[in-house]
Amino acid sequence: MTTASGKFNSRYEGQRGDYVSMPMGGLGAGMLCLSGTGGLEHVTWRHKPALDGFKSLFAALSVRQPTASAKVLEGPVPGWKIFGHKRGGNGGIANNHGLPHHRHASFTNRFPFGQVELDDPAMPLASSVTGWSPFVPGDADGSSLPVAGLEYTFTNPGSEAAEAVFSFHVRNPVAYQHESNVTGEPAPSEVRRIEKGFIISQPARPGQPHEEGHAAVMVLDEADAAIDAHWFRGGWFDAMTMVWNAIESGSVLSRPAPNDGGQPSPGGSIYLPFSLEPGASKTVRVLLAWYVPYSNVHVGEPAPSCGCDGECAPDPASFYRPWYASRFASIDAVAAHWYRDYAELRRKSALFADAFFAADLPAEVLEAVSCNLSILKSPTVLRQFDGRLWGWEGCGESSGCCAGSCTHVWNYAQAICHLFPSLERSLRETEFLVSQDEQGHQNFRSWLPIRECAHKSLAACDGQLGGIIKACRDWRISGDNDWLSRLWPAIRQSMVYCIETWDPRHLGHITEPHHNTYDIEFWGPDGMCMSFYLAALQAAALMGEALSDDTALFRELLAKGVDYCDRELFNGDYYNQKIDWSESGASPIAFSEGSSVIASTYSPEARALLEKEGPKYQYGNGCLSDGILGEFLGWAAGLPAVLPEERLKSHLLAVHRYNLRSDLSDHPNPQRPGFAIGEEGGLLLCSWPHGDALSLPFVYSNEVWTGIEYQVAAHLIGLGGVEQGLEIVRACRQRYDGTRRNPYNEYECGHWYARAMSSYALMQALTGLRYDAVEKVLHLAPRLTGDFQSFLSTESGFGMAGVRDGKPFCEALHGTIEVARFEMAQ
């Protein structure tokens, strides 16, 4: 396994650039991706993923002098885009892949900026493209705009002046496919010129508001730009052929939309002629904006009143509407705002990027954290009309995957709470104030639009307990005592429900079957869920005591639980599971057959296995990578460790020793091997180093999940195992090096999987930086030696913090960070 980190956070070129695809857009506002070659793909503006096809948005350069040449402003088309995709067997689809491309491209990650350098010996001008979208920590609204920017820079390295034409071309990117249209063609669109560019609109049929969609294309501060709103109308490949004819000839077309009663224009273009003296450069800024104010996305009961299962939207209130539709009345309003605020939003986004990448952290850590921040730009995240956040677990090719801001998956994510704390608190508000009933039962999946939901399924033990820990974390991050007071009755009731459901005899350990993130129930106390139970008891006690509430029961159970874990669950090496239902009031067979979640059915052979080994899908004496996950969540929240620190570190070192594989070629995985396979390395979810593996352990046990790799690595680094933690990070990021997988898309149950945002905790692990807004204290516990600086984001501002000349420091770059005192661990 490679131990050097030199190739991380470096340029992606050649085969390493084949799968690079960086999301651009707003938080919950839809996206399009900048590819490693400079192209635009995965246009997802209709609130559902659209990853199984190609849209036509591209830029081109035609040089007239000193040498005539014309090419698309993209590098070579990767082989996987030629064959192996939808409709690939028919020779490709209507896009720009067959047009002349530059010979070479290299991509550099500076999230939220992606920079592509293009090179071709036939082109007299050197070209580059920078794609970005607003990302300003603390500014949730500015970072949620449905916009993206593209900056094309041209330099004349020759000795003669150059004459050229830049152009940008768009075929309707908001087309809606009508089922009633048997040809599969989109409904007629409308193209209209505006002062700065053009707008393409997709009208909605009567009673179908979700079909409406708009996209704006503009150039910033270019007086000579010509707008062509009249593409050639015809069949076959006529429109694209005529567009290329104009590009190749160096034409500058300025035409209004057709007004002859015939078909509308299928697309629009912007042409910009310019001259460059030797050594001079020019940057053209293309601004994209979109506006799709309605959707047919709906999760939960009751079903939409039309009975069509979401294929139409007779009642818009029954369906998701994006936040930006509450702020802007039209695409014109979005476009005007984007045009006016472009420079300031870019300045603030660059301020974040410059600060983040100036951190004195290992390259693999900067790469892991920054690339996974792109999850916030992906269709995994939605932000509804009133501003509250909601998320899938990940994304399929054409729909979200696993709905409802699933609490046990989103437990791992540590980015939003620091970068956009108000949005993270909205998740807690949904959990405790909407998805929880009077008894304290909490649905671990919330409905969309967010509303009260039926309580028919099991509670998720790790998800519900994790929410209590995160509520404590979010209170300390925000410093908002009123927010805590408002949520406290529901938090307390949730804790009481957890106790009465899983520890009804108040023994201090879990005795009842408990559902968890592996989509099964564990039977008997286990290190993973016991660590959640104990950390939640501590968090609840701390919050209650801050509000002068009685928390004696929580403290009593906490003490009993710590004693139990040390006596019964620590095997001298790591924490394990005691498979036991003798203390439970339920039987595995009856419980499983009556389960309203994913059931563990018991055939006759499964019943025989039950008698021999116990219930299916346990881990017993296995070394579980998530075996002290609740302690990780408590550590990330700034809570003191509940279990002895030396045993916690022992567990994590055992996970590193037993579960990290440098080569998986001989590892049998009958489950989902695509996450890590063959000669790749990775951290297994579980292993049985003592040779006592179960016949049917929990259903994902042989897999590798990046979100778990990062939580183990961060926790291990935080407890002093720096090199071991970094080795796990490197194994993960080597799999996402661009040759097989997209560096910006760590997937699990779908693309851009939310669990991978556990990577943000790596920064806290290495620096120990944690700001407590309640007491205005900046904590440091560096695992770095000597002076260092790192990015720090708080509720009130972001900047740099660390150690300078042997003393802690903090400097705000945006907003303010009030530090009453520093507390630095030795």
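The structure presented is a predicted model; accordingly, all values stated were derived computationally and were not measured. (Residues numbered from 1 in each chain as written. Predicted model: local features only at pLDDT ≥ 70, side-chain atom pairs only at ≥ 80, totals over all residues. Heavy atoms only, no water.)

### Considering the overall build of the chain
Tallying secondary structure elements over the chain gives 18 helices and 33 strands in all. For a compact globule of 826 residues, the expected C-alpha radius of gyration is about 28 Å, and the chain comes in at 28 Å, within 12% of that figure. Taken along its principal axes, the extent of the C-alpha atoms in the chain is 80 × 65 × 55 Å. The 826 residues of the chain split such that 61% are buried. Residue pairs at least 24 apart in sequence account for 71% of intrachain contacts in the chain once pairs closer than 6 positions are excluded. Roughly 28700 Å² of accessible area belongs to the chain as shown, and the carbon and sulfur atoms make up 49% of that amount. With 66 positive and 95 negative side-chain charges, the chain shows a separation of 3 Å between the mean positions of the two kinds. (Helix = DSSP H or I, 4+ residues; strand = E, 2+ residues; numbered from the N terminus. Rg over C-alpha atoms; globule rule 2.2 N^0.38 Å. Buried < 20%, exposed > 50% of the residue type's maximum accessible area, 1.4 Å probe, protein only. Contact = heavy atoms within 4.5 Å. Areas by Shrake-Rupley, 256 points an atom, 1.4 Å probe, with all protein chains shown as cover. Lys, Arg positive; Asp, Glu negative; His and termini not counted. Charge placed at Lys NZ, Arg CZ, Asp CG, Glu CD.)

### What about the confidence of the model for the chain?
Averaged over the chain, the pLDDT score is 94; the fraction of residues at 70 or greater is 95%. The low-confidence segment residues 1-6 (pLDDT under 50) makes 12 contacts with residues lying over four places distant or belonging to another chain. Low confidence marks residues 179-185, where pLDDT is under 50. Its contacts with residues over four positions away, or in another chain, come to five contacts. (pLDDT = per-residue confidence, 0-100.)

### Description of the pairing of strand E7 (residues 104-110)
Counting buried positions along E7 yields five of seven residues, so the element is predominantly enclosed. By the bridge criterion, two bridges tie strand E1 (residues 12-13) to E7 in an arrangement that is antiparallel. Each residue of the ladder has a partner; that of Tyr 12, found in E7, is Phe 107. Between E7 and strand E8 (residues 113-119), which follow one another and run antiparallel, lie two residues. (Pairing = 2+ DSSP bridges.)

### Regarding the sheet that holds strand E29 (residues 777-780)
Overall, mixed pairing links the three strands, which are arranged E28-E29-E33 in an open sheet. Among the strands making up the open sheet, the edge pair consists of strand E28 (770-772) and strand E33 (821-824). Shown here is a sheet whose adjacent strand axes are inclined to one another by a mean of 20 degrees, direction ignored. Sheet topology note: the E28/E29 ladder contains three bridges and is antiparallel. Opposite Arg 770, over in E29, you have His 779 as the bridge partner. (Axes fitted to C-alpha atoms, helices over the stretch in contact; angles between N-to-C directions.)

### Concerning the pattern of salt bridges
Taken as a whole, this structure holds 44 salt bridges when the rule is applied. A salt bridge links Arg 733 to Glu 367; the nearest nitrogen and oxygen atoms lie 2.8 Å apart. Taken as a pair, Arg 733 in helix H17 (residues 722-735) and Glu 367 in helix H4 (residues 363-373) lie far apart in primary sequence, 366 residues in all. Taking the relative accessible area as the measure of exposure, Glu 367 reaches 2% and is therefore buried. With its nearest N and O atoms 2.8 Å apart, the salt bridge here joins Arg 821 to Glu 823. Since its relative accessible area comes to 32%, Glu 823 is described here as partly exposed. (Salt bridge = Lys/Arg side-chain N within 4 Å of Asp/Glu carboxyl O.)

### Here we look at the sheet that holds strand E30 (residues 788-793)
Strands in a sheet are paired, the pairing made by backbone hydrogen bonds, and the direction either parallel or antiparallel. Pairing in this open sheet of three strands is antiparallel, and the strands run E30-E31-E32 from one edge to the other. Strand pairing shows two members of the sheet lacking a second neighbour, E30 and strand E32 (807-815), which therefore form its edges. Mean inter-strand twist for the sheet, computed between neighbouring axes without regard to direction, equals 20 degrees. As paired strands, E30 and strand E31 (residues 797-804) are joined by six bridges and run antiparallel to one another. Paired with Gln 789 across the bridge in E31 is Gly 802.

### Structural notes on the environment of Gly 467
Tracing the chain through its elements places Gly 467 in helix H8 (residues 461-478). The class of Gly 467 is buried, set by a relative accessible area of 0%. Along the backbone, Gly 467 and Leu 633 are 166 residues apart, and their C-alpha atoms lie at a distance of 9.9 Å.

### So, the packing of aromatic side chains
For the structure on display, the rule yields 36 aromatic pairs. Here Tyr 19 and Trp 80 contribute two aromatic rings whose centre-to-centre distance is 5.3 Å and whose plane-to-plane angle is 10 degrees, an arrangement assigned as stacked. Within this pair, whereas Tyr 19 is found in the loop between E1 and strand E2 (21-25), its partner Trp 80 is found in the loop between strand E6 (69-72) and E7, the two being separated by 61 residues in sequence. Judged by relative accessible area, which is 28%, Tyr 19 ranks as partly exposed. For Trp 80, a relative accessible area of 26% puts it in the partly exposed group. For the pair Phe 352 and Phe 356, a centre-to-centre distance of 5.9 Å together with 45 degrees between the ring planes defines the contact as tilted. Of this pair, Phe 352 and Phe 356 both sit in helix H3 (residues 331-357), separated by four residues, roughly a single helical turn. Note on Phe 352: relative accessible area 0%, which makes it buried. Classification of Phe 356 as buried rests on a relative accessible area of 1%. Taken together, the ring pairs connect Phe 111, Phe 135, Phe 352, Phe 356, Phe 357, Phe 420, Phe 791 and Phe 798 into an aromatic cluster. Its guanidinium or amino end placed over the ring of Trp 323, Arg 383 lies 4.6 Å from that ring's centre, counting from NZ or CZ. (Phe/Tyr/Trp six-rings, centres within 6.5 Å; stacked < 30°, edge-to-face > 60°. Lys NZ or Arg CZ within 6 Å of the ring centre and 35° of its normal.)

### What to know about the nonpolar core
The biggest cluster of nonpolar side chains holds 214 residues, and the ones touching the most others in it are Phe 166, Phe 168, Met 495 and Tyr 518. If sequence neighbours within four positions are ignored, Phe 166 has contacts with Ala 59, Ala 60, Leu 61, Leu 73, Tyr 152, Phe 154, Ile 270, Tyr 271, Leu 272, Phe 274, Val 284 and Val 286. Counting residues in each nonpolar core, the second largest holds 11 residues, with Phe 58, Ala 239, Met 240 and Trp 244 among its members. (Core = buried A, V, L, I, M, F, W, Y, C linked by side-chain atoms within 4.5 Å.)

### Some thoughts on the side chain of Thr 380
By the element assignment, Thr 380 lies in the loop between H4 and strand E18 (381-383). Looking at Thr 380, the relative accessible area reads 0%, which means it is buried. At a separation of 3.5 Å, a polar atom in the side chain of Thr 380 contacts the main-chain carbonyl oxygen of His 751. Ignoring anything within four residues of it in the chain, the contact list for Thr 380 reads Ile 375, Trp 390, Gly 391, Trp 392, Glu 393, Gly 394, Cys 395, Trp 410, His 751, Trp 752 and Ala 754. (Polar contact = N/O pair within 3.5 Å; in protein donor to acceptor, adjacent residues only side chain to side chain.)

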